[in-house]
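Understanding the architecture of this molecule
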Amino acid sequence: MVTHYLTLKALQREFDERLRGVHVHEIFTQQRGELVLTLARTPGEATASIVVSIDAALNFVVLRDAVARARRNSVDLFAPVVGATLVEVRMDPSDRAMRWVFSAGGTLVLQLYNSVRSNIVLVDERGAVVEAFKDGRELAGTTLPAPPPEPVPTSEAAAGALRSHPEETLARALRSAVPQLGGLFTKEVFARARCEGERMVSTCAEEEIRRVADEAAGLFTALEHPAPVLYLRGETMTAFSPVPLALQSGDEAVTYASVNEGVRDVLRRFYRVRGRADVRKDLLTRLVSERDRAARRRDAVAK
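All of the points below concern the structure found in this document. (Residues numbered from 1 in each chain as written. Predicted model: local features only at pLDDT ≥ 70, side-chain atom pairs only at ≥ 80, totals over all residues. Heavy atoms only, no water.)

**Brief notes about the pattern of salt bridges**
Opposite charge on two side chains permits pairing when their charged atoms draw close. Within the structure shown, the criterion is met by 16 salt bridges. Two residues, aspartate 124 and arginine 126, come together in a salt bridge whose shortest N-O distance is 3.0 Å. A salt bridge links glutamate 208 to arginine 199, with the nearest nitrogen and oxygen atoms 2.4 Å apart. Look at arginine 199 and you get partly exposed, because its relative accessible area is 28%. Through salt bridges that share partners, Glu26, Arg69 and Asp76 make up one connected network. (Salt bridge = Lys/Arg side-chain N within 4 Å of Asp/Glu carboxyl O. Buried < 20%, exposed > 50% of the residue type's maximum accessible area, 1.4 Å probe, protein only.)

Set out below in structure tokens:
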């Protein structure tokens, strides 16, 4: 939800515009799977933090107020970047990897795949791995491939790619042509284009192919002026998007001033629900323990 390519792309734009020129005050971890970059406009004066999670439960990157560092159980990481200035934040063209380029110390690559492959890697100017959050010994000295210079999909390119797969369904051809869309936004394209994604490309009129291509390219254009929305059914989050979704028109919609603000709210709701689940699990464990203890007492009396 918060690590879909389009969401990360919109976040990257916000971070790059808002944070260029900040200094890295410190980088540390104090929770499993989580990295904190404390940032400062003036060296030595922390004003905000970027928090990155590659925990199995949920990957995310979010800008928050300065995170207080615990006096114990925190560890410094990625020392070469401390004190450096942020030069640029950019996204890989077709991968959920966000690159934070610094004036010194290298580039920090956030690989937010929502899988065991997720990692945070520091690379030098040649792309060689200097340090990694996970599997550091195995990755040290290896080279992280440079992202291919793939442009943002245009309507003409998408239409041409669709036509080149006449024996595929429109949905399959579109996912091949624009893999960044993923499942949710592929469905959104067809909802906007008022077209069935399971039709074969060879059976579609040119006007239908053009509508699908226009809507696919339009999603990327819309990221230049995002209007983030969280969709709900009751308390259940059904989708979060940097742009409104026709596909979710029947759900309750919560809008935000920025994508980062929306991500913060999604995380707050996620951890609130997980906290309730943890409380229920703990209560159930205690009830089972009490039941077993009572059964043992009954058995002892019976003997």
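Back to the write-up after that little detour.
**Some points on the nonpolar core**
Counting 79 residues, the largest nonpolar core has Phe15, Ile50, Val61, Met98, Trp100, Leu108 and Leu181 as the members making the most contacts within it. At seven residues, the largest contribution of residues to this core is made by helix α1 (residues 5–19). Those residues in contact with tryptophan 100 that sit more than four places away from it in its chain are Phe15, Leu19, Ile50, Leu86, Glu88, Val89, Gly106, Thr107, Leu108 and Leu110. By size, the runner-up hydrophobic cluster in this structure holds eight residues, among which are Val109, Val121, Val123 and Val129. (Core = buried A, V, L, I, M, F, W, Y, C linked by side-chain atoms within 4.5 Å. Helix = DSSP H or I, 4+ residues; strand = E, 2+ residues; numbered from the N terminus. Contact = heavy atoms within 4.5 Å.)

**A closer look at the sheet that holds strand β1 (residues 23–31)**
Sheet strands line up and pair through hydrogen bonds in the backbone, either parallel or antiparallel. Spatially, the five strands line up as an open sheet ordered β4-β3-β2-β1-β5, and their pairing is antiparallel. With partners counted over all chains shown, the strands left at the sheet margins are β4 (58–65) and β5 (75–76), one partner each. Where β1 and β5 come together, two bridges link them in antiparallel fashion. What sits directly across from threonine 29, in β5, is valine 75. (Pairing = 2+ DSSP bridges.)

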